[in-house]
Amino acid sequence: MKKFTILLLLALTQVWAGHAMAASLEDFVRPRALVDIQISPDGAHLAMLRREDKDTLYVVRRADNSVVTGVSSSPGQRFHSFRWANTNRILIEPAVELESHARPLPTGALLGFSIDGRQNGYLRRSHTDEGNAQMFRVVSDLPGDADHVIVARHAFIPAPEAPETYVRQHNDIGLAESILPLGRTSAGFAAMTCVDACIPDTEEKPTLERLNVYTGKSTPLVEAPGARGQFLVNADATRILFTGIRSGLVSIYHSQSAPEWQEVKYFTQYYELGATPVGFSEDGSIMALDNLVDTLGLSRLGLKGEVDSVFRDKVADIDSLVSARGGKLIAASFSAGFPSWYYHDADSAFARTHKALRAAYPESDIDVTSFTDQEQEAVVRVYSDRNPGTYLVVNLETGKAEDLLRQMDWLNDDELVTSQPVQIPTRDGFEIYGYLTKPRDKGDAPPLIVMTQPHPFTARFEWGYDARAQLFANAGYAVMQINTRGAPGYGQRYTTGSSVELDNWTDHDIVDAVSWASRLELIDPDKVCLFGSGNGAYSAVLTAMRNPDAFRCVIAADGEYRPEDLPRIVNPARLFPVALLGNRDPAQLPWFDNLIDNAD
């Protein structure tokens, strides 16, 4: 299928647009080698993760820009993520490549790697002596204790009849991805017996542990009050929160004298409304995300269950958080089109510097990868629709910025085009959001490629560099990326609807977007093609089949075309309650047609 897809892409670049490409196909499909850069707690070193035939983590001394040391992944292994535990020690979360998944999957184990070479190797493995699975997640860096971190341990047992695959928290606000229990065998990494169906071990609840980052020895701190959920702790682990799901209820617990738990608040899972703790403020207040008023906003959560709103955008959900080492909440971003920011302390050095950087790069946004211990310096990533990413070290006290490296440095900004946010009215009076990328040649109305979302009900198109959109635009096509209703990120109103309504809206929204662009003479209405990959391939074919006169062609890449073949992963909302906050469950997709049976 991948070879066939590339042939179709090559054909598209030659047939309709009649446009000579400045960059080659290989320039656009070549993956970015530089994955991440993070600064050490003392600011003396940088850790850089590069992904090529294997993953390599380099440590660079800032004083002379020399490579001090490095470590590479084993055959078949990748490094999913890493973090500085102290000025000498880095914790790595390994991942493994499986033929059934396009991206490497984290195993839930922990590796330790030191600049001085001391005690490198596994700190925690993802399988037990009994053959069950266990997953570990770093909950707190413990800035005041260089030799320890706080980790959560989750135990799992095989359940051949269970309809769920375990989903773990992926970032600060509960966006998640599948994680499969994997163990190491003599032949390398292999999926364990419960790879397709693992459930939490109700006899062994999640535990919070203080882990020595060198020896791997740990001290249990507290056992969770329930079998499914996630921990949150403050900088010195004197306050512990657990948010878990039990009997259809999402409950938030607080403890200052483990193992005593106090229930703070509970929400009914059925209504998909609630709040989830995500960090602490400077004064020790519990900060939470809630969707009690349509969009996902930031609130203070009291120990008696009070939810006091701090910030909420009227249109867009908060989609990322910035926290210092130790978990202190600093800022949040949200986006209905171009990214916007909320600063928890508007007078802080971070807020001033971040605002200055956004002013210095007016057509870009600024991500933060890591801070030093006292928040004097940070590594940031400047990115835009025409820049995959450029890393800088920024001094938050002086505002001075030091250039590091650029991702995909073989691409020239002058060969790339802008992606414009659009708001499009629909036939029923609703307004949908998306992006329109027009080719540089603005003569006659260009042919249009409409890209469907690969994960229609759990992800959305966002502003930034998109290799496929730039490839098509570089070949002379306009590209439209539409977040049809059901997509997360725009509040409850965007996801509310029955399965039948969402089923109809998916293709209605796409057709209405094409009609809108045609009315404004932005495109050639006689040359419109649908492009979809993954679940979006199903959506593209289904939309074309239901609206055969609206499209000249459809490209479906690496998709499944029977409803029963679509991935049955559980929405992270069902396990980690931030997405109580309103995403659809992809295990119950609102598409009914069997495309194979109806292909003719």
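Remember, it's a predicted structure, so these values are computed and weren't measured experimentally. (Residues numbered from 1 in each chain as written. Predicted model: local features only at pLDDT ≥ 70, side-chain atom pairs only at ≥ 80, totals over all residues. Heavy atoms only, no water.)

**Quick word on the sheet that holds strand 25 (residues 295-301)**
Here is step 1: One open sheet accounts for four strands, arranged 23-24-25-26; its pairing is antiparallel. Sheet topology places strand 23 (275-280) and strand 26 (307-311) at the edges, where each strand pairs with a single neighbour. Strand after strand, the sheet turns through a mean of 45° between neighbouring axes, direction not considered.
Here is step 2: Looking at chain direction, strand 23 and strand 24 (residues 286-293) are connected through five bridges and run antiparallel. When the bridges of strand 24 are listed, Thr276 appears paired with Leu289. (Pairing = 2+ DSSP bridges. Helix = DSSP H or I, 4+ residues; strand = E, 2+ residues; numbered from the N terminus. Axes fitted to C-alpha atoms, helices over the stretch in contact; angles between N-to-C directions.)

**A few points about the pairing of strand 33 (residues 401-406)**
Here is step 1: For strand 32 (residues 387-395) and strand 33, the ladder comprises four bridges, and the chain directions are antiparallel. Looking across to strand 33, one finds that Val394 is bridged to Ala401.
Here is step 2: Following strand 32, the chain reverses through five residues before pairing antiparallel with strand 33; Gly399 in that reversal takes a positive phi of roughly 80°.

**Things to note about the packing of aromatic side chains**
Here is step 1: For the coordinates displayed, the defined rule picks out 14 aromatic pairs.
Here is step 2: For the pair Tyr253 and Trp261, a centre-to-centre distance of 6.5 Å together with 75° between the ring planes defines the contact as edge-to-face.
Here is step 3: One aromatic cluster in this structure is built from Phe231, Phe242, Tyr253 and Trp261.
Here is step 4: A cation over a ring is seen here: Arg485 above Trp505, with NZ or CZ 4.4 Å from the ring centre. (Phe/Tyr/Trp six-rings, centres within 6.5 Å; stacked < 30°, edge-to-face > 60°. Lys NZ or Arg CZ within 6 Å of the ring centre and 35° of its normal.)

**Quick notes on the environment of Tyr538**
Here is step 1: Positionally, Tyr538 belongs in helix 7 (residues 535-546).
Here is step 2: Exposure remark for Tyr538: the relative accessible area of 0% places this residue in the buried category.
Here is step 3: Residues Tyr538 and Asp558, 20 residues apart in the sequence, show an inter-C-alpha distance of 9.7 Å. (Buried < 20%, exposed > 50% of the residue type's maximum accessible area, 1.4 Å probe, protein only.)

**Quick notes on the sheet that holds strand 38 (residues 528-533)**
Here is step 1: An order of 34-35-37-36-38-39 is seen for the six strands of this open sheet, with the pairing classed as mixed. Each edge of the open sheet carries a strand with a single partner, namely strand 34 (419-425) and strand 39 (553-557). If you compare each strand with its neighbour and ignore which way they point, the axes differ by 25° on average.
Here is step 2: As judged from the four bridges shared by strand 36 (residues 448-451) and strand 38, these two strands associate in the parallel manner. Within the sheet, the bridge partner assigned to Val450 lies in strand 38 and is Leu530.
Here is step 3: Where helix 7 meets the sheet, it contacts strand 38 and strand 39, and its direction lies at approximately 150° from that of strand 38. (Contact = heavy atoms within 4.5 Å.)

**Observations regarding a nonpolar patch on the surface**
Here is step 1: A contiguous nonpolar surface patch, about 240 Å² in accessible area, is contributed by Leu273, Leu292 and Val293.
Here is step 2: Secondary-structure assignment places Val293 in strand 24.
Here is step 3: Judged by its relative accessible area of 54%, Val293 is exposed. (Patch = residues over 30% accessible without salt bridge, like charges linked within 9 Å, V, L, I, M, F, W, Y side chains within 5 Å. Areas by Shrake-Rupley, 256 points an atom, 1.4 Å probe, with all protein chains shown as cover. Salt bridge = Lys/Arg side-chain N within 4 Å of Asp/Glu carboxyl O.)

**Description of unusual backbone geometry**
Here is step 1: Within the chain, Leu142 stands out as a residue other than glycine whose phi angle is a positive 50°.
Here is step 2: By the secondary structure assignment, Leu142 is in the loop between strand 10 (133-140) and strand 11 (148-158).

**Some thoughts on helix 3 (residues 349-360)**
Here is step 1: Taking 1.5 Å of rise per residue, twelve residues should cover 16 Å, and helix 3 covers 16 Å from first to last C-alpha, within 8% of that figure.
Here is step 2: By the burial criterion, the buried members of helix 3 are Phe350, Ala351, Thr353, His354 and Leu357.
Here is step 3: Elements that come into contact with the buried residues of helix 3 comprise strand 27 (318-323), strand 28 (329-335), strand 29 (339-343), strand 30 (365-371), strand 31 (377-384) and strand 32. (Expected span 1.5 Å × (residues − 1).)

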